[in-house]
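Summary of structural features
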Amino acid sequence: MYSLSCEIPRQCPFTESQEANIIAAGNEYMATREIPQTAGKLVSDPRCNKADIEAVIALARKKDTTLTDQHAEAMRKLFDGPKHSVTGERIFCGIPFGSSFKAAHGHLYLFRWVFGPDKNLAELNFGADIGTYAAALAPYLNAENPDLSAFEKRGGKLLMISGSADSVVPFHASIDYYERTAEHFGSLDKVRSFLRLYLVPGMSHGPGPGINKLPNMLKLVVDWREKNVVPDVIQGQRIVNGKTEIDIPVYPYPGKTGWDEAGGFKKIDGPRLGVDRISARFIPPAAD
């Protein structure tokens, strides 16, 4: 059995102090990949590999000696995300470095829509249960179809926003969807003509460590559709008690915010992909 991210901490609880040290370890480890304005404060691009995960776990345990081997194994599962217990297929993504474990709790109630109100969610089996769940609900709940041809042909414009510190709706799935859409249309440039993705540094599903104020994104969409004003760089800010703590440009994926001591902020080319692809059978076509 491979438990969902929001069940793992029930089996291996983390104290607030432990979680704070794990978040700090993620921020510290990834700091060398950040611009000076965000280094050590948040993780702008949490894409990682297994070596990064092990390094963050080791750093967290160095910071907090109360973290046990059991905690370490729980962190591996949390950061890596759920896979099918038999086939190893990717079901969904893990919790990003620098984000809250607690925010991801309590989101398994959908399984009761399939298995009934008495289902013990701690006993979900990702070999036997996940296929049943996906077949029953995914066609109605998953907005995963990369074929946006009809939308594009009628002049539709769409902006996607994903917070790098969102542990409820992790950024990995947004990148995976965007890249699958680019594959469907044959090029990233084609997709960028009607769909753009912003990976927002440190933004969470609620209060988070980073950006908490963006421009009026709806107005940007309206201006794009009605006035042909193509959105590009947007300004992201972190404002706390009326004080601006972070004020940085945010570029559409795969662009990233770079920094030059002489010239200040600049757009740099960020990496593409870098996240596991969710297995196609867990994102079936939408129902009619």
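Computed from a prediction, not measured in an experiment: that's the story for all the values here.

All right, on to the overall build of the protein chain then. Broken down by element type, the protein chain carries 10 helices and six strands. What you see for the protein chain is a C-alpha radius of gyration of 20 Å, in line with the 19 Å of a compact globule of 288 residues. Along the three orthogonal principal directions, the C-alpha set of the protein chain runs to about 55 × 50 × 35 Å. Put simply, the protein chain has 288 residues, and 49% of those count as buried.

Moving on to the nonpolar core. One finds Phe-14, Ile-22, Leu-67, Met-75, Phe-79, Phe-97 and Phe-101 to be the most contacted residues of the largest nonpolar core, which totals 20 residues. Those elements that place two or more of their residues in this core are helix 2 (16-29), helix 3 (50-63) and helix 4 (69-80). In this structure Met-75 touches Phe-14, Ile-22, Ile-57, Leu-67 and Phe-101, once residues within four positions along its chain are discounted. Grouped together as the second largest cluster of nonpolar side chains are 17 residues, Ile-91, Tyr-133, Ala-138 and Ala-173 included.

When you line up the elements, Pro-209 lands in the loop between strand 2 (195-200) and helix 10 (217-227). Separated by 11 residues in sequence, Pro-209 and Leu-220 have C-alpha atoms that sit 25 Å apart. Sequence-distant contacts of Pro-209, that is, excluding residues within four places in its chain, are made with Lys-41, Leu-42, Gly-98, Ala-165, Gly-202 and Arg-238.

This part is about the environment of Pro-96. By the element assignment, Pro-96 lies in the loop between helix 4 and helix 5 (109-115). Counting along the chain gives 90 residues from Pro-96 to Gly-186, while the straight-line C-alpha distance between them is 29 Å. Here Pro-96 is in contact with Pro-46, Phe-79, Ser-164, Asp-166, Ser-167, Pro-170, Phe-171 and His-172, once residues within four sequence places are set aside.

Moving on, we come to the pairing of strand 2. Every regular strand shows the same layout, with side chains that alternate between the two sheet faces. Extensive coverage of strand 2 is indicated by the burial of six of its six residues. By the alternation rule, side chains of strand 2 split into Leu-195, Leu-197 and Leu-199 and Arg-196, Tyr-198 and Val-200, which are all buried.

Counted at 1.5 Å a residue, the expected span for helix 8 (residues 171-185) with its 15 residues is 21 Å, and the 21 Å between its end C-alpha atoms agrees. A large share of helix 8 lies buried, amounting to 13 of its 15 residues. Looking at the residues trailing helix 8, positive phi occurs at Gly-186, about 95°.

Looking now at the packing of helix 2 against helix 3. Two elements in contact, helix 2 and helix 3, have axes whose closest approach is 8 Å; the angle formed by their N-to-C orientations is 125°. The angle between the axes of helix 2 and helix 3 places the two elements in the oblique class. Considering how the two elements wind past one another, helix 2 and helix 3 form a crossing that is right-handed. Each of Asn-21, Ile-22, Ala-24, Ala-25, Gly-26, Glu-28 and Tyr-29 in helix 2 lies in contact with helix 3, whose residues at this interface are Asp-52, Ala-55, Val-56, Leu-59, Ala-60 and Lys-63. Tallied by class, the residues present in the contact of helix 2 with helix 3 amount to eight nonpolar, two polar and three charged.

Predicted confidence across the protein chain gives a mean pLDDT of 89, with 95% of residues reaching 70 or more. Across residues 1-6, where pLDDT falls below 50, the model places 28 contacts with residues more than four positions away in sequence or in other chains.

Here we come to the packing of helix 3 against helix 4. Packing of helix 3 against helix 4 brings their axes to within 10 Å, and their N-to-C directions diverge by 140°. Crossing geometry of helix 3 relative to helix 4 is assigned as right-handed. Residues Lys-50, Ile-53, Glu-54, Val-56, Ile-57 and Arg-61 of helix 3 lie in contact with helix 4, whose contacting residues are Asp-69, Ala-72, Met-75, Arg-76, Phe-79 and Asp-80. Per-class residue counts for the contact of helix 3 with helix 4 are six nonpolar, no polar and six charged.

What the rule picks out here adds up to nine aromatic pairs. For the ring pair Phe-111 and Tyr-133, a centre distance of 4.2 Å and an interplane angle of 15° mean the geometry is stacked. Here Phe-111, found in helix 5, pairs with Tyr-133, found in helix 6 (residues 130-141); they are 22 residues apart in sequence, far enough to count as distant. On the accessibility criterion, Phe-111 (5% relative accessible area) is buried. Three or more aromatic residues link up through ring pairs in this structure, and these residues are Phe-14, Phe-79, Phe-97 and Phe-101. Here Lys-119 stacks its cationic end above the ring of Phe-115, 5.0 Å away from the centre of that ring.

The rules behind each value
- Residues numbered from 1 in each chain as written.
- Predicted model: local features only at pLDDT ≥ 70, side-chain atom pairs only at ≥ 80, totals over all residues.
- Heavy atoms only, no water.
- Helix = DSSP H or I, 4+ residues; strand = E, 2+ residues; numbered from the N terminus.
- Rg over C-alpha atoms; globule rule 2.2 N^0.38 Å.
- Buried < 20%, exposed > 50% of the residue type's maximum accessible area, 1.4 Å probe, protein only.
- Core = buried A, V, L, I, M, F, W, Y, C linked by side-chain atoms within 4.5 Å.
- Contact = heavy atoms within 4.5 Å.
- Expected span 1.5 Å × (residues − 1).
- Axes fitted to C-alpha atoms, helices over the stretch in contact; angles between N-to-C directions.
- Parallel < 35°, antiparallel > 145°, perpendicular 65-115°, else oblique.
- Left-handed = near helix turned anticlockwise from the far one by under 90°.
- Nonpolar A, V, L, I, M, F, W, Y, C, P; charged D, E, K, R; others polar.
- pLDDT = per-residue confidence, 0-100.
- Phe/Tyr/Trp six-rings, centres within 6.5 Å; stacked < 30°, edge-to-face > 60°.
- Lys NZ or Arg CZ within 6 Å of the ring centre and 35° of its normal.

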